[in-house]
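# Observations on chain architecture
Read off the chains here:
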Amino acid sequence: MGYSMHMHNGWIDAARHCPSPNFNQRPAYSQIDLLVIHCISLPPREYGGQAIEAFFCNRLNPDDHPYFSGIFELKVAAHFLIRRDGEVVQFVSCDERAWHAGESYFCGRDNCNDFSIGVELEGHDDDLYTGEQYAALARLTHCLQQTYPGITSERIVGHEDIAPGRKTDPGPGFDWEAFRRLLCDGKVQHGE
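What counts and how
- Residues numbered from 1 in each chain as written.
- Predicted model: local features only at pLDDT ≥ 70, side-chain atom pairs only at ≥ 80, totals over all residues.
- Heavy atoms only, no water.
- Pairing = 2+ DSSP bridges.
- Helix = DSSP H or I, 4+ residues; strand = E, 2+ residues; numbered from the N terminus.
- Salt bridge = Lys/Arg side-chain N within 4 Å of Asp/Glu carboxyl O.
- Buried < 20%, exposed > 50% of the residue type's maximum accessible area, 1.4 Å probe, protein only.

## Quick look at the sheet that holds strand β6 (residues 80–82)
Across a sheet, paired strands are connected by hydrogen bonds in the backbone, their directions being either parallel or antiparallel. Reading across the sheet, the 6 strands line up as β3-β7-β6-β11-β5-β12 and stay open at both edges, with mixed pairing between neighbours. At either margin of the open sheet sits one strand with a lone partner, and together these are β3 (16–17) and β12 (156–158). One ladder, built from 7 bridges, connects strand β5 (residues 34–40) with strand β11 (residues 116–122); its direction is parallel. From the neighbouring strand, His 38 faces β11, where its bridge partner is Glu 120.

What follows is the structure in structure tokens.
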């Protein structure tokens, strides 16, 4: 699976840090026990560039693309972004409540931001994700599960699962079986 990741004070050492202001404290009673997988591309279906980072850091210029004029005032951020080449970018400490899920519900609980970690894959619902992204996501997930054992395989979901009818990501382009296989292989390699 390649290099391993380690967490210190909610930040992953192997990630590039790009701090976002779009977070707040988790409720005192919250236990982190859900991983939510999203996808994003800005503009839609265009990859590369700095628009996603600018968006999550409230610096998106509405004049750069017509699509941006409808979203630039939104205050959102996931904890992580995994680029097409597998680079991991972290925007919010895992100890904090990133604003990624919106109106959401899972296993009898609403407000999933309170108890989840959000990972965005650079992509689009209908496009295939890259092997580098799956590998990075598996490494990141393994690290998160070590730190937050409540994130079991049953508690790794898509945004579409916690906001049905409102969200469709990561969509049919995401190969859940391949991801879970990679995740299991990584655990076996680490002696679990």
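## A closer look at the pattern of salt bridges
With the rule as written, the count across this model stands at 10 salt bridges. When the shortest N-O distance is used, the salt bridge between Arg 83 and Glu 53 registers 3.1 Å. One end of the pair, Arg 83, is in the loop between β6 and β7 (88–90); the other, Glu 53, is in helix α1 (residues 51–56), with 30 residues separating them in the sequence. A residue is classified by how much of its surface remains accessible, and Arg 83, at 7% relative accessible area, is buried. Take Glu 53: its relative accessible area is 4%, and that puts it in the buried class. In this structure, Arg 97 engages Asp 114 in a salt bridge whose closest nitrogen and oxygen atoms are separated by 2.6 Å. Highlighted residues: Arg 97 in strand β8 (residues 96–98) and Asp 114 in the loop between β10 (109–110) and β11, separated in sequence by 17 residues. One exposure class covers both Arg 97 and Asp 114, and it is buried. Because the salt bridges share partners, they merge into one network encompassing Arg 16, Glu 53, Arg 83, Glu 87 and Glu 122.

## Quick word on unusual backbone geometry
A cis amide bond links Leu 42 with the next residue in sequence, Pro 43, at an omega value of -10 degrees. Notably, Asn 9 is not glycine yet its phi reads approximately 55 degrees, a positive angle. Here Asn 9 is to be found in the loop between β1 (7–8) and β2 (11–12). Of note in the backbone geometry, Cys 107 takes a positive phi value of approximately 50 degrees without being a glycine. Of note, Cys 107 is situated in the loop between β9 (105–106) and β10. Owing to a relative accessible area of 58%, Cys 107 belongs among the exposed residues under this scheme.

These values are about where atoms sit, not about what they do.
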